[in-house]
Amino acid sequence: MSVADYFSSMDYGPATESDAPARAWLAAHAARLGHFIDGRHAAPVQGQWFETREPASGALLASVAQGSADDVDAAVQAARRAQPHWLALGGHGRARHLYALARMLQKHSRLYAVLEALDNGKPLRETRDLDIPLAARHFLYHAGWAQLQDSEFRDYEPQGVVGQIIPWNFPLLMLAWKIAPALAMGNCVVLKPAEFTPLTALLFAELAARAGLPPGVLNVVAGDGATGAALVEHAGVDKIAFTGSTEVGRAIRSRTAGSGKALTLELGGKSPFIVFENADLDAAVEGVVDAIWFNQGEVCCAGSRLLVQEGVADDFIRRLKRRMESLRLGDPLDKTIDMGAIVDPSQLARIAGLVEAGRAEGAQIWQAPGVPAGGCFYPPTLVTGVSTASVLMREEIFGPVLAAMSFRNKDEAVELANNTRYGLAASVWTENISLALEVAPALAAGVVWINATNLFDAAAGFGGYRESGYGREGGREGLYEYLKLRAWSRLRVRAPQDGPSAAGAPAVAPLPGAGGTPGADRADSDAADTGPGHAWAVPPIDRTPKLYIGGKQVRPDAGGTLSVPDARGGLAGEVAAGNRKDIRNAVAAARRAAAWSRATGHARSQVLYFVAENLAQRRDEFADRLAAVAGTPLAAALDEVERSLARLFFHAAWADKFDGAVHAPPMRAAVLAMHEPLGVVGIVCPDEQPLLSMVSLLAPVIAMGNRAVVVPGRVNPLAATDLYQVFETSDVPGGVVNIVTGERAGLAACLAAHDDVDAVWSFGCAATAREVEALSVGNLKRTFVDHGRCVDWSDDAVAQDPLFLRQAVQVKNVWIPYGD
Ligand code: NAI
């Protein structure tokens, strides 16, 4: 067509970016790219290669090394060798390197933008304006944190060698999100890019080396899921950071359970896009375009469920269809297109398959015209006539498919929005700021955008609630994911045979006839080292504490008891033998106590002070009990009670001070990083310092607004049951603290497997920690475990580190555009 023709038709003319620099780079490598290990390209040890193709045309781009366990091992070893030197460079030295990486990205931005568009199929307009500048911003922002590390994170040290596995939807941007904080904090990295899109990661590693990044600091091993699995399995890796599907995230959680490897998971989503009738509808239509047709909808936080208030629903859908008709699909290098190609024929088939499954269920499918012939293209798609049960409302499609429903009022909007197993993001559109700020806290999502969508920045943490994973990327909170508390790392790890006897006292034992101890048949060390020989001693028993559930003392379901031996081998008392049903009841009571999570920090601190006040009144009685049961000398027992009081004061103090933050991203928006409770937290207590350890774990959990189900340690569960009498008199609302005594490993397993429990903390036994991690995969609950480390709960440097408070909250980032 001539220019004159374009003027007469008013159609867009193509404005295609040259692919020459990217082709030249590929040609320089003879279109055959090895891994990048220890500062240079490396051919695969097993000699296997795979192909990466252009989704827009199907043309071959390059052959890329397929990583084997040997390649992974070489990369991990290179990272291990480099890490002490990288750390020794100091914060300023690393800041200079990160700054150099940012500058390197900026200098070669067009090359990256073109290569990314070719390999992934996404529009150059997006790689040029978003992926690459934002990647550079991540390195600049984290150069700042590297500079500040020595002063801001004095008590922390790097994890060591970090394995990072990333998906194909934002190949270079994900690389930046992953490696910038890791490198800034002194870790070395082995990164595995996705098999569909390995090229920009390999280019980055090469140019980083040219920019002076020392060998071994960043290693890239290309390959598929098997390569990723080899990285996850490698014993030399200290932490795994994964972004990808929930299914693979689950598999990684299972495989790392009990290994001591730290883990963060950024998984899938099915995010709601809520339009109230008082929204600026045209602005909201543009919002939808960015929410679901940006990056072909291949976005983990895509606003894929449209919820529109019924009064404006028809009008909104009409406007949306009109806008869809003007969206242009085509060659990713054409700067006038809105949507490029889907990453791979397999993903295209998956999208098409899900849409057909929706059609078969009766959904109405509306697709914009104008799909280019050839290549992996899928049109912008709007689905109506669906219910909450429809496959297209439930499944993450990871494509340009929007499923729409209407709602009547605010409460229904929130209910529909939260009706998903995911919790990554949400978008709220209304001109009424009060309504927006009422809805944002009610949404179960790690990010909430108000009158905006898909905004990202290095200063604002990103990450999910529920099955969207855990951990945050970006912001100060993202740095802690690549650090560990120095004092924590120095703790002794107990030998497997260490049991309560090593702590100087025997453990609870079932009384003859005691029934219903779940997991009693488990062959783990927790159950196996239960001290024998005390069940037949018959000193006087004054009373048997019951379970404490929903603010009431209740008999255990199966009615059994466990004996609690005293320090001299006599019988100190009995506790109820709780079972799976008791845990279920306790969890249900904790769920009902949701008002606690909405109470103010001030109100929660008052209750914690009151608990301390009432415990202080019974100080001598508690000390006597500790001395009698655990054999603690009386002076030490008094000290334990005093420290427990101080710990309660400590967390009462923080209850109204452990604030979030307001971030200032480089755009007109404020981001409220709010600390929100996790919900229901299971706490499995250690045997040592029975009162102090339980208080140290429980106090931060409830101070931050969670409700707890506590399984006391084995040596002196009576310390815990005595405490419920204190709770009863201290205005602790029923259900906020629930105590289930019984066989610890079995009860811990019940908590870890329970889908209404949001997190489990497990201390005091490595085997139980492993099982808790392994069983947490059902709803991908957060876990906080000691992996068998011996925590001295009197040591404030460990037990009062903000680590405990951080573990008790999740950060919700609420983006509020403001100003001009
Ligand atoms: P995936 O989760 O299989 O792949 C993500 C990364 O994990 C890739 O680098 C892959 O090689 C690696 N991987 C695969 N299996 C692994 C294993 N067993 N151990 C370690 N690493 C492993 O995602 P895939 O297959 O590319 O996409 C499938 C679906 O997952 C998409 O349709 C979408 O629904 C979802 N997805 C979600 C993403 C997100 O950011 N939330 C990103 C990519 C995919």
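The rules behind the values
- Residues numbered from 1 in each chain as written.
- Predicted model: local features only at pLDDT ≥ 70, side-chain atom pairs only at ≥ 80, totals over all residues.
- Heavy atoms only, no water.
- UniProt positions renumbered as here; feature names shortened; annotations may be inferred.
- Helix = DSSP H or I, 4+ residues; strand = E, 2+ residues; numbered from the N terminus.
- Rg over C-alpha atoms; globule rule 2.2 N^0.38 Å.
- Areas by Shrake-Rupley, 256 points an atom, 1.4 Å probe, with all protein chains shown as cover.
- Lys, Arg positive; Asp, Glu negative; His and termini not counted.
- Charge placed at Lys NZ, Arg CZ, Asp CG, Glu CD.
- Patch = residues over 30% accessible without salt bridge, like charges linked within 9 Å, V, L, I, M, F, W, Y side chains within 5 Å.
- Salt bridge = Lys/Arg side-chain N within 4 Å of Asp/Glu carboxyl O.
- Buried < 20%, exposed > 50% of the residue type's maximum accessible area, 1.4 Å probe, protein only.
- Phe/Tyr/Trp six-rings, centres within 6.5 Å; stacked < 30°, edge-to-face > 60°.
- Near = heavy atom within 4 Å.
- Polar contact = N/O pair within 3.5 Å; in protein donor to acceptor, adjacent residues only side chain to side chain.
- Nonpolar A, V, L, I, M, F, W, Y, C, P; charged D, E, K, R; others polar.
- Pairing = 2+ DSSP bridges.
- Axes fitted to C-alpha atoms, helices over the stretch in contact; angles between N-to-C directions.
- Contact = heavy atoms within 4.5 Å.
- Core = buried A, V, L, I, M, F, W, Y, C linked by side-chain atoms within 4.5 Å.

Per an unreviewed UniProt entry, the protein chain goes by Aldehyde dehydrogenase family protein and derives from Candidimonas humi. Note on the protein chain: under the UniProt heading Sequence similarities (unreviewed entry), the record states "Belongs to the aldehyde dehydrogenase family."

What follows concerns the overall build of the protein chain. Looking only at helices and strands, the protein chain features 30 helices and 33 strands. Relative to the 2.2 N^0.38 estimate, which gives 28 Å for 820 residues, the radius of gyration of the protein chain is 28 Å and therefore close to what a compact globule would have. Overall, the protein chain is about 105 × 60 × 45 Å in size when its C-alpha atoms are taken along their principal axes. Counting every atom, the protein chain has about 28,700 Å² of accessible surface; 52% of that belongs to carbon and sulfur. Within the protein chain, the 91 negative side-chain charges are centred at a point lying 1 Å from the centre of the 76 positive side-chain charges.

Turning next to a nonpolar patch on the surface. On the surface, a cluster of nonpolar side chains totalling about 390 Å² of accessible area is made up of Val3, Phe7 and Met10. Position of Met10 among the secondary structure elements: in the loop between α1 (3–9) and α2 (20–28). On the basis of relative accessible area, Met10 is assigned to the exposed category, the value being 65%.

Attention now moves to the packing of aromatic side chains. For any pair of aromatic rings, the description consists of the separation of the ring centres together with the inter-plane angle of the planes. Overall, the coordinates contain 26 aromatic pairs when judged by the stated rule. Both rings, one in Trp168 and one in Phe196, keep their centres 6.2 Å apart while their planes meet at 50 degrees; by these two values the pair is tilted. Separated by 28 residues along the polypeptide, Trp168 in the loop between β7 (161–165) and α7 (171–184) and Phe196 in the loop between β8 (188–192) and α8 (199–210) bring together distant segments of the chain. Of the residues examined, Trp168 reaches a relative accessible area of 13% and is grouped as buried. The class of Phe196 is partly exposed, set by a relative accessible area of 23%. Relative to Phe456, the ring of Trp449 lies with its centre 6.1 Å away and its plane at 90 degrees, an arrangement referred to as edge-to-face. Taken as a pair, Trp449 and Phe456 share a single burial class, namely buried.

Another point: the site of the ligand. Around the ligand there are 27 residues in total, and Ile166, Trp168, Glu195, Ser245 and Arg350 lie nearest to it. Measuring from an oxygen atom of the ligand, one finds a side-chain N or O atom of Lys192 at 2.9 Å. With respect to the ligand, the side chain of Glu195 contributes an N or O atom lying 2.7 Å from an oxygen atom. Taking 800 Å² as the accessible area of the ligand by itself, protein coverage stands at 86%. Elements supplying a minimum of two residues to the shell around the ligand: α9 (225–233), β10 (239–243), α10 (246–256) and α13 (345–360). In terms of residue class, the shell around the ligand is made up of 13 nonpolar, eight polar and six charged.

Attention shifts here to unusual backbone geometry. Both trends apply: most residues other than glycine have a negative phi, and most peptide bonds are in trans. Even without being a glycine, Gln296 presents a positive backbone phi close to 60 degrees. When you line up the elements, Gln296 lands in the loop between α11 (281–293) and β13 (303–309). The backbone of Phe398 shows a phi angle near 60 degrees, a positive value even though the residue is not glycine. Its location among the elements puts Phe398 in the loop between α14 (391–394) and β16 (401–407).

A few words on the sheet that holds strand β15 (residues 381–384). As summarised here, the arrangement of the ten strands in space is β14-β15-β16-β13-β12-β17-β18-β33-β27-β26, forming an open sheet in which the pairing is mixed. Each edge of the open sheet carries a strand with a single partner, namely β14 (364–367) and β26 (661–663). Between one strand and the next, the sheet's axes are offset by a mean angle of 20 degrees, whatever the strand orientation. Looking at chain direction, β13 and β16 are connected through five bridges and run parallel. Along β16, the bridge assignment pairs Gln309 with Phe407. Sheet contacts for α11: β12 (271–275), β13, β15, β16 and β17 (425–429); angle to β12, the most-contacted strand, approximately 170 degrees.

Attention now moves to the UniProt feature "domain: Aldehyde dehydrogenase" (unreviewed entry) in the protein chain. Those places that UniProt annotates as "domain: Aldehyde dehydrogenase" (unreviewed entry) correspond, in this numbering, to residues 48–486 and 569–786. Within residues 48–486, the helical portion is 45% and the strand portion 18%, while the C-alpha atoms at the span's ends are 41 Å from each other. Between the end C-alpha atoms of residues 569–786 there is a gap of 29 Å, over a span that is 52% helix and 18% strand.

Attention shifts here to the UniProt feature "active site" (unreviewed entry) in the protein chain. According to UniProt, the feature "active site" (unreviewed entry) maps to Glu266 in the numbering used here. Exposure remark for Glu266: the relative accessible area of 4% places this residue in the buried category. Among residues more than four places away in sequence, those in contact with Glu266 are Phe242, Thr243, Gly244, Cys300, Leu424, Phe462, Ser468 and Glu473.

Counting 247 residues, the largest nonpolar core has Phe139, Phe204, Leu306 and Phe727 as its most contacted members. In terms of residue count, α7 provides more of this core than any other element does, eleven residues in total. Other than its neighbours up to four places away in sequence, Phe139 contacts Leu98, Leu101, Ala102, Leu105, Leu175, Ala176, Ile179, Ala180 and Phe204. Grouped together as the second largest cluster of nonpolar side chains are 23 residues, Leu547, Val587, Val680 and Val711 included.

This paragraph deals with the environment of Arg255. Residue placement: Arg255 occurs in helix α10. For Arg255 and Gln159, which are 96 residues apart along the polypeptide, the C-alpha to C-alpha distance reads 19 Å. Leave out the neighbours within four places in its chain, and Arg255 touches Ala229, Val232 and Glu233.

With respect to the helices and strands, the residue Asn579 is situated in the loop between β25 (571–576) and α20 (580–592). Residue classification places Asn579 among the buried positions, given a relative accessible area of 9%. One polar contact links the side chain of Asn579 to the main-chain amide nitrogen of Lys581, over a distance of 3.0 Å.

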